[in-house]
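These are the residues of each chain, in order.
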Amino acid sequence: AVNSPECLAAHVSITGGKWQTRFPPEPNGYLHIGHAKAMQFNFGLAAKHSGCTYLRFDDTNPAAEKQEYIDSIRDSVDWLGHKPFKVTYSSDYFDELYEFALKLIRQGKAYVCHQTKSETAASRQLLQEFQLYCSRKCLPRYGTPLPFGAASPYRCRSVKDNLILFDEMKRGLWEEGTCSLRMKGDLRSDVTSMWDLAAYRIKFEKHPHSSDRYCIYPTYDYTHCLVDSLENVTHSLCTLEFETRQAPNGPYYWLLDSLGLYKPITWEFARCNITHNVLSKRKLNRLITEGHVTGWDDPRLLTIEGLRRRGYTPTSINRFCFELGTTRNDNTQHFSKLERCIREELDDVVYRRFAVLDPLPVIISNHPGTPLPVNCPLHPKFPERGIRTLNLTSTVFIERSDFREFDDINFYGLAPGKSVRLLFGYNITCTGFHKDASGNACLLKAIYVPDSLNTKPPKGTLHWASADFVQGEVRVYDKLFQAEVPGKKDDFKQGEQTHYQTEGSDAVHCTDVDWLSQLNPSSLVVHENALLEPSIACMADKPLGFRFQLQRLGYFTIDRESTLKKPVLNRIVTLRESKDL
Ligand code: ATP
Ligand code: MG
Ligand code: MG
């Protein structure tokens, strides 16, 4: 992080003191809840200082980037309520970035290198050993000769040769992987990102935004600071894995100094992680390509589109991010906190409905034949919101799990000889039952008590369905992973520090165990023959048109695959926090 007087003065002279931030997603996947946090921080801080925020697509790797991702990101930013000042692309600046590269070469600060990946790694290994050697022997790093092979053999090429070779790279005369342009940093620096990072590499790949104008592409390290500067970003906020790159003696400021460009202030904050799930796009990609989930918008994922499809609201996600705070410490949050945000938001607002997920028919033998009207409050806490009338038909349905052949003191459901209340309706008493071939109860017989409406209910109260309910599919979601921190041996405990290792720009939890083996096999339970109250079924072609509480079952919404012919519901969240989370 750098917040020097020089940066502050530049900020005042460039924008008059107004804040400008940017949210810079790489369009190599959909946005997730971690991005929602980063957005809230960026858009929030700028707004607080009457400034503005760029949405900048950091699109420097055409091999991983797609228009589909660009479209989804724009949509998610909008849905969460953020209004970018401008939408830009790093690729908008490819021409300027190319000119800067020529300038660096002319200054002798960049060179074309033909080292292979493994040769570069071997050189870096030698540099690491050099650092250790100097500190062990108390030798000054500056002044002590570097071991042979620590520097790329192409490092001392002439400016003229470098200009010719870079031009050839640009004209497509070199194959992918045969050369790169590297920044000539400082091999003796203790900041490892100063060890000649790549600035440009060759990729014969069509770019989703700049098409195929270039076959050389600038790297993140080269691009990010230059575009921050070109866009007059005053505060460049990044997650902690970039800390050393943005240190005063790191490549971010080295590059801006070398080119004499305006220097933004930089800050870092911790990545947000959530228990029982993963956020890294690399891992999300694997879950999708290997078919563990159905796509980027699978309701079990914490992508913005997944949460949206699951039925989360933008306000609940933003509230969660707000309560998360911004910190430099480990920011792993319990999934139940996110659930609480949506549950609390929906509780007072949404109407109550009935559905039976796993129906067991009950024939009411003393039923008069014509349906009995039962008035059910739309919201029991607020009677003034009104009622809807359900028809109690001569056959009703209860949840299979609400019947037991043998009663038990702790069981609140129906059993032979026992009475329960049909919620908001009548009491029924079970008079008998039939079993199917495998010995499970498949039909119950009961009598109802005509004058039991509005009397004190017996011990158990059950939700129910009538013959005029509509068949539909209900998808019940649970946590995606059984382990609190997938891939980590010891389960995460709240407040405890977790360890991270940095893998490229991807902060990941230590992979002590195979994270994929910790998937929860029952993260999705589909009830294909559920019975839905007609007032839900008639909305079945309006995905996310409404959210409602199914009494005793949780909060639900309509899935985007739902149609009037085949309604599909998603469970957003349970009614209460589950104890095993
Ligand atoms: P991933 O590992 O998921 O690919 P990334 O950092 O490569 O993450 P970007 O698209 O580059 O993803 O992220 C855009 C911005 O969002 C960056 O500024 C990044 O620091 C921030 N960001 C990404 N993930 C998180 C997270 N989990 N928590 C907070 N901020 C995040
Ligand atoms: Mg990134
Ligand atoms: Mg990434």
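Residues numbered from 1 in each chain as written. Chains lettered and ligands numbered in written order. Predicted model: local features only at pLDDT ≥ 70, side-chain atom pairs only at ≥ 80, totals over all residues. Heavy atoms only, no water.

Moving on to the overall build of the chain. Of the regular secondary structure elements, the chain holds 13 helices and 29 strands. The burial tally for the chain puts 54% of its 581 residues in the buried class. For the chain, restricting intrachain contacts to residue pairs at least 6 apart in sequence, the fraction spanning at least 24 positions comes to 72%. For the chain, the exposed area adds up to about 25300 Å²; of that, 52% sits on carbon and sulfur atoms. Seen as two clouds, the 72 positive and the 70 negative side-chain charges of the chain have centres 2 Å apart. (Helix = DSSP H or I, 4+ residues; strand = E, 2+ residues; numbered from the N terminus. Buried < 20%, exposed > 50% of the residue type's maximum accessible area, 1.4 Å probe, protein only. Contact = heavy atoms within 4.5 Å. Areas by Shrake-Rupley, 256 points an atom, 1.4 Å probe, with all protein chains shown as cover. Lys, Arg positive; Asp, Glu negative; His and termini not counted. Charge placed at Lys NZ, Arg CZ, Asp CG, Glu CD.)

The next subject is the domain arrangement of the chain. Along its sequence, the chain is carved into domain 1 (5-115 + 152-269), domain 2 (273-350 + 474-573) and domain 3 (355-468). If you average the C-alpha positions of domain 1 and of domain 2, the two centres end up 32 Å apart. With 27 residues of domain 1 at the contact, the number on the domain 2 side is 29 residues. The contact between domain 1 and domain 2 buries some 2500 Å² in all, and 62% of this surface belongs to carbon and sulfur atoms. (Domains from an automatic or database assignment. Buried area = accessible area lost by both parts, 1.4 Å probe.)

So, on to helix 2 (residues 33-48). Helical geometry note: an α-helix holds 3.6 residues per turn, so side chains three or four residues apart project in the same direction. Here helix 2 contains 16 residues, and its C-alpha end-to-end distance of 22 Å stays within 8% of the 22 Å for a straight helix at 1.5 Å per residue. Taken across its 16 residues, helix 2 has 13 buried, putting it largely inside the fold. Once helix 2 ends, the next one or two residues include Ser50, with phi positive near 40°. (Expected span 1.5 Å × (residues − 1).)

Among the six residues that make up strand 2 (residues 52-57), six are buried, leaving the element largely enclosed by the rest of the structure. A two-sided burial pattern is seen for strand 2, the buried positions comprising Cys52, Tyr54 and Arg56 on one face and Thr53, Leu55 and Phe57 on the other. In this structure, strand 1 (residues 20-23) lies alongside strand 2, joined through four bridges in parallel fashion. Counterpart to Thr21 in the pairing with strand 2 is Thr53. What joins strand 1 to strand 2 is helix 2, and the crossover it makes is right-handed. (Pairing = 2+ DSSP bridges. Right-handed = clockwise from strand over helix to strand, strands pointing away.)

Our next topic: the nonpolar core. Core analysis: the biggest nonpolar cluster contains 41 residues, and Ile33, Leu302, Tyr312, Ile317, Phe320 and Leu338 have the highest contact counts within it. Among the elements that take part in this core, helix 2 stands out by supplying seven residues, more than any other. Taken domain by domain, the makeup of this core includes at least three residues from each of domain 1 (5-115 + 152-269) and domain 2 (273-350 + 474-573). Membership of the second largest hydrophobic core comes to 40 residues, among which are Leu165, Phe166, Tyr214 and Leu255. (Core = buried A, V, L, I, M, F, W, Y, C linked by side-chain atoms within 4.5 Å.)

You will see that Phe424, though not glycine, has its phi angle at about 65°, which is positive. Relative to the elements of secondary structure, Phe424 occurs in the loop between strand 18 (419-422) and strand 19 (427-435). By relative accessible area, Phe424 is classed as partly exposed at 23%. Positive phi, normally seen in glycine, also occurs at Arg552, with a value near 75°. Using a relative accessible area of 41% as the deciding quantity, one classes Arg552 as partly exposed.

A few words on the side chain of His224. Assignment of secondary structure puts His224 in helix 7 (residues 220-230). Excluding residues within four positions of it along the chain, His224 makes contact with Arg22, Pro24, Arg56, Asp58, Ser236, Cys238 and Tyr252.

Side-chain direction in a regular strand flips from residue to residue, so the side chains alternate between the two faces of the sheet. Pairing analysis gives two bridges linking strand 13 (residues 355-356) to strand 26 (residues 524-532), with the strands arranged antiparallel. Bridge pairing links Ala355 to Leu532 in strand 26. Here strand 23 (residues 470-477) pairs with strand 26 via seven bridges, running antiparallel. The residue of strand 26 that forms the bridge with Gln471 is Leu531.

Taken as a whole, this structure holds 21 aromatic pairs when the rule is applied. Between the aromatic rings of Tyr54 and Phe85, the centroid separation amounts to 5.4 Å while the plane-to-plane angle is 85°, which identifies the pairing as edge-to-face. Highlighted residues: Tyr54 in strand 2 and Phe85 in the loop between helix 3 (67-79) and strand 3 (86-89), separated in sequence by 31 residues. By relative accessible area, Tyr54 is classed as buried at 7%. Residues Phe166 and Tyr200 carry aromatic rings whose centres are separated by 5.3 Å and whose planes lie at 70° to one another, so their mutual orientation is edge-to-face. In this pair, Phe166 is assigned in helix 6 (residues 159-170) and Tyr200 in strand 6 (residues 198-202), connecting sequence segments 34 residues apart. With respect to burial, Phe166 and Tyr200 carry one shared label: buried. Taken together through their ring pairs, the aromatic side chains of Phe94, Tyr98, Phe166, Tyr200, Tyr214, Tyr217 and Tyr222 make up a single cluster. (Phe/Tyr/Trp six-rings, centres within 6.5 Å; stacked < 30°, edge-to-face > 60°.)

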